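# Report on the structure
Now for the letters of each chain:
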Amino acid sequence: MAKQLIINTLCCPRWTQLTLFLVTLLSHFTTTATYRTGAPQELLKGFNTAPDLSTSSFQTLLRDSVGNYSLGFLRVNQNQLSLAVIHVPSKEPLWIANTNKLARWSDQTRIIFNGSLVISDTDTGLFWSTYTDGDRVRISNTSNLLIEKVTGTISILWQSFQFPYNTLMENQNFTSAMKLVSSNGLYSMKLGSNFIGFYAKFNMNSSSDHDTVHGELYLKHNPLEAKARVFEGEGPIRVILNPDGYLGMYQNGSTPVDVQPFSTFQQPGLGNRRIRLEPDGNLIAYFWTGSSWVVDFKQISDPCELPSTCGSYGLCQPGKGCSCLDDRKEYISGSCQIPGNRKQVAGGDFCGLFDREYRVLRKYGVELPYKEIMAYTRKSSLEKCESACEEVCTCWGAVYSNTSGFCYTIDYPIQTLVAVDDETKMGYFKVKEGGGKKKMVVWLGVGIGLLCGVVLIFLGVMWLFWKRAAREKRRYVEEEGVAGGVGPYRDLGSTKLKALELSQTQSS
């Protein structure tokens, strides 16, 4: 190519050189555009492909008619993948297939459409399937992934809008059969009979059966409209992200029973809207400006009201930021991790054989960020509130108000508390103390004990074997001395026989 351009420069007229340059430039941009928009707009039966091992982040398999949304392989943790729909200009994932575990980024992983859209691995088998019998797969201009049956009419057999990940798009129906889950898996959003519920999974490994389905309820949004309300027995509620800039709750018909307005309320046409459950448990709405997503609404406006804004054993001070419940600890890198308590976030309790040791941390002037929706009991004193937790191995702490007598027990690893200017509000918290070291010492002792036991058993068996062998030898000698002797040796006892044999040996 370079040689040809040099030849043209040397031998061709200037207008010819200009023409060739323009043709080359146009060809370059055409190739670039084809690369960006060359993915098909539908997948038909028989489609079968594997990840391109050279792709670093996202491999497009399918696009919508406009080019705003793509379906493809999203690379995760370098060597794993998810099937995802992304917003092409921002590369933001809007939907991810809900697999129990991630597939490998390998040529052994396949995405297949055989009527069902399938993720499989030639070694480990099926990961995910839509379990349909469709004719084609396509993406709508609203990012909805569709599997359709094409006969006389087109019918939708399956759609991603019915299986959301952490995001809702404009006009997407969110029903009581669905849930949003944050990308870290800690938080979820579900609909109750007449409310939107937000839940936290702080304790994955507890012995307690407390709310094991959804987790700990940390926010409950009820309808606020005075003239409209949810009627029991008249059907479930649903939520829709309205293009006019609000999150609407509906029961029957098109009139909302609740409206949560955004900053751009009643300003349609600003761009695509989406709402996402964030890794900190907040629900945040955005709109697309053409170059970036702009925050338009936050379900929780005060950071201290988030379920764990300062992390485990953190203390949120309104207007000031984060510190630690333990005054001896420094808040570093978003954490107040307490030595010996490395499994706080993962969960657990104090019920196991090696989990019963803990120390107590007390703090005055604290309260829970969502105490309004937490269950409580009335206690006449702080000591009785503490005892209610101390006597229960699944309890991690308690917060007591000396004014009201309310005692809130905490059945999950301690998260963030809120600082208040009220010394009558007191906290009692359990801290696992050197659990890992204690387990190691105990198991080392058990191991040494077992080893000693094995050695003693071995020595005992050897002693018995030696004793039995000696007895057998003596019996054999005695029998030989009585029954097997010759001439004068016939009537000698074993002792005399041994003495005689010894004297013969010495004389010889």
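Our subject is the structure listed above.
The paragraphs below set out a description of the structure included in this document. (Residues numbered from 1 in each chain as written. Predicted model: local features only at pLDDT ≥ 70, side-chain atom pairs only at ≥ 80, totals over all residues. Heavy atoms only, no water.)

### Digging into the overall build of the protein
Tallying secondary structure elements over the protein gives five helices and 34 strands in all. Across the 508 residues of the protein, 40% fall into the buried class. (Helix = DSSP H or I, 4+ residues; strand = E, 2+ residues; numbered from the N terminus. Buried < 20%, exposed > 50% of the residue type's maximum accessible area, 1.4 Å probe, protein only.)

### Thoughts on the pairing of strand β6 (residues 92–96)
Here strand β5 (residues 80–87) pairs with β6 via four bridges, running antiparallel. Directly across from V85, in β6, lies its bridge partner W95. Following β5, the chain reverses through four residues before pairing antiparallel with β6; K91 in that reversal takes a positive phi of roughly 65°. (Pairing = 2+ DSSP bridges.)

### Structural notes on the sheet that holds strand β27 (residues 321–324)
The four strands are arranged β27-β26-β33-β29 in an open sheet whose pairing can be described as mixed. Bordering the open sheet on either side are β27 and β29 (366–367), each of which pairs with just one other strand.

### Section: the pattern of salt bridges
The full count for this structure, using the stated rule, is 18 salt bridges. When the shortest N-O distance is used, the salt bridge between D133 and K45 registers 3.5 Å. Of this pair, D133 sits in the loop between β10 (125–129) and β11 (136–139) while K45 is found in the loop between β1 (43–44) and β2 (47–49), placing the two residues 88 residues apart along the sequence. For D133, a relative accessible area of 46% gives the class partly exposed. Salt-bridge contacts for D133 lead to K149; the nearest nitrogen and oxygen are separated by 3.8 Å. Within this pair, whereas D133 is found in the loop between β10 and β11, its partner K149 is found in strand β12 (residues 145–150), the two being separated by 16 residues in sequence. Taking relative accessible area as the criterion, K149 reaches 24% and is therefore assigned partly exposed. Each of the salt bridges in this network shares a partner with another, and the network as a whole consists of E42, R136, R138 and E148. (Salt bridge = Lys/Arg side-chain N within 4 Å of Asp/Glu carboxyl O.)

### A word on the sheet that holds β10
Read from one edge of the open sheet, four strands run β2-β8-β9-β10, paired in antiparallel fashion. Whereas interior strands pair on both sides, the edge strands pair on one side only; in this sheet they are β2 and β10. Going from strand to strand, the sheet's axes swing by 20° on average, the running direction of each strand aside. Pairing between β2 and strand β8 (residues 109–113): three bridges, direction antiparallel. Paired with N48 across the two strands is I112, which belongs to β8. (Axes fitted to C-alpha atoms, helices over the stretch in contact; angles between N-to-C directions.)

### Some words on the packing of aromatic side chains
Tallied over the full model, the rule gives 18 aromatic pairs. Both rings, one in F198 and one in Y218, keep their centres 6.3 Å apart while their planes meet at 50°; by these two values the pair is tilted. Residue F198 is found in strand β18 (residues 196–200), and its partner Y218 is found in strand β19 (residues 216–221); the two are separated by 20 residues along the sequence. Y218 carries the same exposure label as F198, and that label is buried. Members of the aromatic cluster, each reached through a chain of ring pairs, are Y187, F198, F202, Y218, Y370 and Y412. Looking at K220, its charged tip hangs above the ring of F195, at a distance of 4.5 Å from the centre. In this structure, R274 is placed above the aromatic ring of Y286, and the distance from its NZ or CZ to the ring centre is 4.5 Å. (Phe/Tyr/Trp six-rings, centres within 6.5 Å; stacked < 30°, edge-to-face > 60°. Lys NZ or Arg CZ within 6 Å of the ring centre and 35° of its normal.)

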